[in-house]
Every structure is written in structure tokens, then in C-alpha cells.
Amino acid sequence: GTMVGAGMLAREFERRTILVALTRPITRLQFMIGKFTGLKWVLLLNSLLLSAGYLLVLRYLGAGASGFTPTLVWALVLLALQSLVLAALAVFFSTFSTTSLSVVMTLGMYFVGINCSQIRMLALKQDSAPLRWLLDGVAAAVPNFEYFNLGLKVTYGLPVSGRFIGLGLAYGSAWILLLLVLSGLLLERRES
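Description of the structure in this document. Predicted model only: the values in this text are computed from it and were never measured.

### Considering the packing of helix α7 (residues 116-124) against helix α8 (residues 129-141)
1) Next: Interhelical geometry of α7 versus α8 gives an angle of 165 degrees and a closest axis separation of 8 Å. Here α7 lies roughly antiparallel to α8, going by the angle between them. Viewed along their axes, α7 and α8 form a crossing whose handedness is left-handed. Residues Cys 116, Ile 119, Arg 120, Leu 122 and Ala 123 of α7 form the contact with α8, whose participating residues are Arg 132, Leu 135, Asp 136, Ala 139 and Ala 140.
2) Next: Here the residues of the contact of α7 with α8 are counted per class, giving seven nonpolar, no polar and three charged.

Have a look at this one:
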């Protein structure tokens, strides 16, 4: 579902439907936000249905109330937010590349983003200052998807702080906003 955003703009340009939409008194940024909002609701509905199915399976397997913890609920919320950040990345890449390349770049950013702490640890072990700066730069330039991962806390039933949840929500929202603004700016420059 998240990768639908990668082909969203390409279809608009291929079918020339973007020209019809932009004859209205809206900016390209507003157009992007509208497209992303539709995608967001589809992803949130998908997340809600998958989460409900997961909770039903937990209940059926006998975990019942012991499996349903506040940490699990927050993990599901952060997982939904992560899918929205990935969708925003896919939309961003689709403003300047093909659908397949957008998917590859989004997946690449995801794999780098789930390993940010390992990349930073690798940077600390480097003797070469330029390589250390490069690795630190890569880790800083991509969304850190580790902020959305409560896997071990859920597995062991550990509590999660409100500060961590708040920072995760703010971090994800900031990345989505940044990516949508950049997408709108790139779309402004793209020739129709």
C-alpha cells in the first residue's frame, strides 16, 4: 500500500489528468497535499484493519488482555506513522523519477533508516575523518525509522515513555511535512 505513492504522480502526468486539476485555482503543493491525504486515509484504514486482525489473532491464541498492552497499541500507531513517512518518501521520489526507481529509492531509504544506529556505530570505528563524516551524514540525512520501532518493548511487555511516543509522533510528522513541501516545490519546477 505504501508504494502506491511511487506511481501516483507518474499516472497523473501520463494521463494528463494533472493538467485538468491544475486549471483549478490550486497550487501544485495543494495538489500534492490532496493526493497524499487520499493515500494517507487508505493507509490508515489498511493499518486499522491489519491491527484489528492482529488483535483478534492475539485474543484467539489466548493472549487476551495480557497481549493487549498500551505498548502494543503505541507500537501499532507508530507503525502506521512509519507507513505514512514511507508513502511521503515514495511521493517525493515520484516527483522526479520513474515509478520503479521511486520504489527502489524508497526501499533503499527504508533499509538505511532502520539501520541508522548501526551506521553511526560504524562511523565511530572509522579512522578516516571523511568516511566518518560521510557515514554520519547519511545517517542524519535519512528518516530514522528506529524511532517507530517498539518491537523489543512489545515482546517483553516493557512500558514506553510518553516522551518517546511524543518525539516519535513529532519526528514522523516533521518528515512527512518536509517531504510534502519538497514534493510540492519539485512539482512546481517540473514541466507539465
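### Remarks on the packing of aromatic side chains
1) Next: Scanning the model with the defined rule gives nine aromatic pairs in all.
2) Next: Their ring planes at 55 degrees and their centres at 5.4 Å tell us that Phe 92 and Phe 93 sit as a pair that is tilted.
3) Next: With 6.0 Å between their ring centres and 50 degrees between their planes, Phe 145 and Phe 148 make a pair best called tilted.
4) Next: Site record: aromatic cluster; members linked through ring pairs are Tyr 110, Phe 111, Phe 145, Tyr 147, Phe 148, Tyr 171 and Trp 175.

### Examining the environment of Val 104
1) Next: With respect to the element layout, Val 104 can be found in helix α6 (residues 99-113).
2) Next: Classification of Val 104 as exposed rests on a relative accessible area of 54%.
3) Next: Between the alpha carbons of Val 104 and Ala 90 there is a distance of 9.3 Å; along the sequence they are 14 residues apart.

### Let's talk about the nonpolar core
1) Next: Counting residues in hydrophobic clusters, the biggest one holds 30 residues, and the most contacted among them are Phe 36, Leu 89 and Ile 176.
2) Next: Looking at this core, the element that brings in the most residues is helix α5 (residues 70-94), giving twelve residues.
3) Next: With residues up to four places along the chain from it excluded, the contact list for Leu 89 reads Thr 106, Met 109, Pro 143, Phe 145 and Leu 179.

The rules behind these values
Residues numbered from 1 in each chain as written. Predicted model: local features only at pLDDT ≥ 70, side-chain atom pairs only at ≥ 80, totals over all residues. Heavy atoms only, no water. Axes fitted to C-alpha atoms, helices over the stretch in contact; angles between N-to-C directions. Helix = DSSP H or I, 4+ residues; strand = E, 2+ residues; numbered from the N terminus. Parallel < 35°, antiparallel > 145°, perpendicular 65-115°, else oblique. Left-handed = near helix turned anticlockwise from the far one by under 90°. Contact = heavy atoms within 4.5 Å. Nonpolar A, V, L, I, M, F, W, Y, C, P; charged D, E, K, R; others polar. Phe/Tyr/Trp six-rings, centres within 6.5 Å; stacked < 30°, edge-to-face > 60°. Buried < 20%, exposed > 50% of the residue type's maximum accessible area, 1.4 Å probe, protein only. Core = buried A, V, L, I, M, F, W, Y, C linked by side-chain atoms within 4.5 Å.

Purely spatial values, then, with no claim about function.
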